[in-house]
Amino acid sequence: DAGVIQSPRHEVTEMGQEVTLRCKPISGHDYLFWYRQTMMRGLELLIYFNNNVPIDDSGMPEDRFSAKMPNASFSTLKIQPSEPRDSAVYFCASRSSENTEAFFGQGTRLTVV
Amino acid sequence: GQQVMQIPQYQHVQEGEDFTTYCNSSTTLSNIQWYKQRPGGHPVFLIQLVKSGEVKKQKRLTFQFGEAKKNSSLHITATQTTDVGTYFCAGPYTGTASKLTFGTGTRLQVTL
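Residues numbered from 1 in each chain as written. Chains lettered and ligands numbered in written order. Predicted model: local features only at pLDDT ≥ 70, side-chain atom pairs only at ≥ 80, totals over all residues. Heavy atoms only, no water.

## Considering the overall build of chain A
Right, so step 1: When helices and strands are counted, chain A shows zero helices and 11 strands.
Right, so step 2: Starting at the N terminus and ending at the C terminus, chain A contains elements arranged as β-β-β-β-β-β-β-β-β-β-β.
Right, so step 3: Principal-axis analysis of the C-alpha atoms places the extent of chain A at approximately 40 × 25 × 25 Å.
Right, so step 4: Sorting the 113 residues of chain A into buried and exposed places 49% on the buried side.
Right, so step 5: For chain A, the proportion of contacts with a sequence separation of at least 24, taken over those separated by at least 6, is 53%. (Helix = DSSP H or I, 4+ residues; strand = E, 2+ residues; numbered from the N terminus. Buried < 20%, exposed > 50% of the residue type's maximum accessible area, 1.4 Å probe, protein only. Contact = heavy atoms within 4.5 Å.)

In structure tokens, the structure reads:
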């Protein structure tokens, strides 16, 4: 298995633009997590899904953020409109229900200018 | 809310010296996990501890879970430059075992 795949790896966008981050979890994993990492706030959980259903989105900072998981092999995190303070590394992670070990993707480094 | 703190935030050692990072939770944890993140990389799972007082070893790394299950430590013996990175502990949210609270992390720098 190729592991958790995220795209793009890097994204530079102007303030006000829409940004969409993509994630393909490991096949067979039924949990998917979106994290944001910054120097100031560390690793923050934004939202997680179980069997494609959003379970907890209490970490989503604002209404500008939304996440979807239309099927077991794909998820998106969208920011609209983006702001400079959204600049961070966004990680997607997945795990199976039989194992608590989380597998992280390579991350997307987002820069909003 | 639940908090997981780690100390120190940063440590710089010379190769061959030992290193320890400590993890403290504001609540009792059912288990604790440790992850390593290399510079520019992503967190990678190292180990999970479940039992009170549990000690596990992986080569030069020794992991311990406290008796009260509110703290944990990671000790590296005779550090090498390949140990460079940030070490995170992570515990399940109280009442919601499905999601993890990550600690603040300890960044380790090793020089020759």
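## Section: the interface of chain A and chain B
Right, so step 1: Taken together, the contact between chain A and chain B spans 17 residues of the former and 15 residues of the latter.
Right, so step 2: The junction of chain A with chain B conceals about 1,400 Å² of combined surface from both sides, 51% of it contributed by carbon and sulfur atoms.
Right, so step 3: On the chain A side of the interface with chain B, the three residues burying the most area are Leu43(A), Thr100(A) and Phe104(A), jointly 33% of the side's total.
Right, so step 4: At the surface where chain A touches chain B, the tally comes to one salt bridge.
Right, so step 5: Among the salt bridges present, the one from Asp56(A) reaches Lys99(B), with a minimum N-O distance of 2.4 Å.
Right, so step 6: Summed over the shared surface of chain A and chain B, the result is six residue pairs in polar contact (both at pLDDT 80 or more).
Right, so step 7: In terms of residues, the side of chain A that touches chain B owes the most to one element, strand β4 (residues 31-38) of chain A, which gives four residues. (Buried area = accessible area lost by both parts, 1.4 Å probe. Salt bridge = Lys/Arg side-chain N within 4 Å of Asp/Glu carboxyl O. Polar contact = N/O pair within 3.5 Å; in protein donor to acceptor, adjacent residues only side chain to side chain.)

## Section: unusual backbone geometry
Right, so step 1: Going from Ser7(A) to Pro8(A), the amide bond is cis rather than trans, its omega being -10 degrees.
Right, so step 2: Assignment of secondary structure puts Pro8(A) in the loop between β1 (5-7) and β2 (10-13).
Right, so step 3: The omega angle of the peptide bond from Ile7(B) to Pro8(B) is -5 degrees, so this bond is cis rather than trans.
Right, so step 4: Unlike most non-glycine residues, Lys69(B) shows phi in positive territory, near 60 degrees.
Right, so step 5: Position of Lys69(B) relative to the elements: it lies in the loop between β7 (61-65) and β8 (71-76).

## Description of the state of the cysteines
Right, so step 1: Counting across every chain of the model gives two disulfides over all chains.
Right, so step 2: Two residues share a disulfide in this structure: Cys23(A) and Cys92(A), whose sulfurs sit 1.9 Å from each other. With the S-S bond torsion at -65 degrees, the cross-link from Cys23(A) to Cys92(A) turns out left-handed. With Cys23(A) in strand β3 (residues 19-24) and Cys92(A) in strand β9 (residues 88-95), the pair connects residues that are 69 residues apart, well separated along the chain.
Right, so step 3: Disulfide pairing is shown between Cys23(B) and Cys89(B); the S-S distance is 2.0 Å. (Disulfide = S-S within 2.5 Å.)

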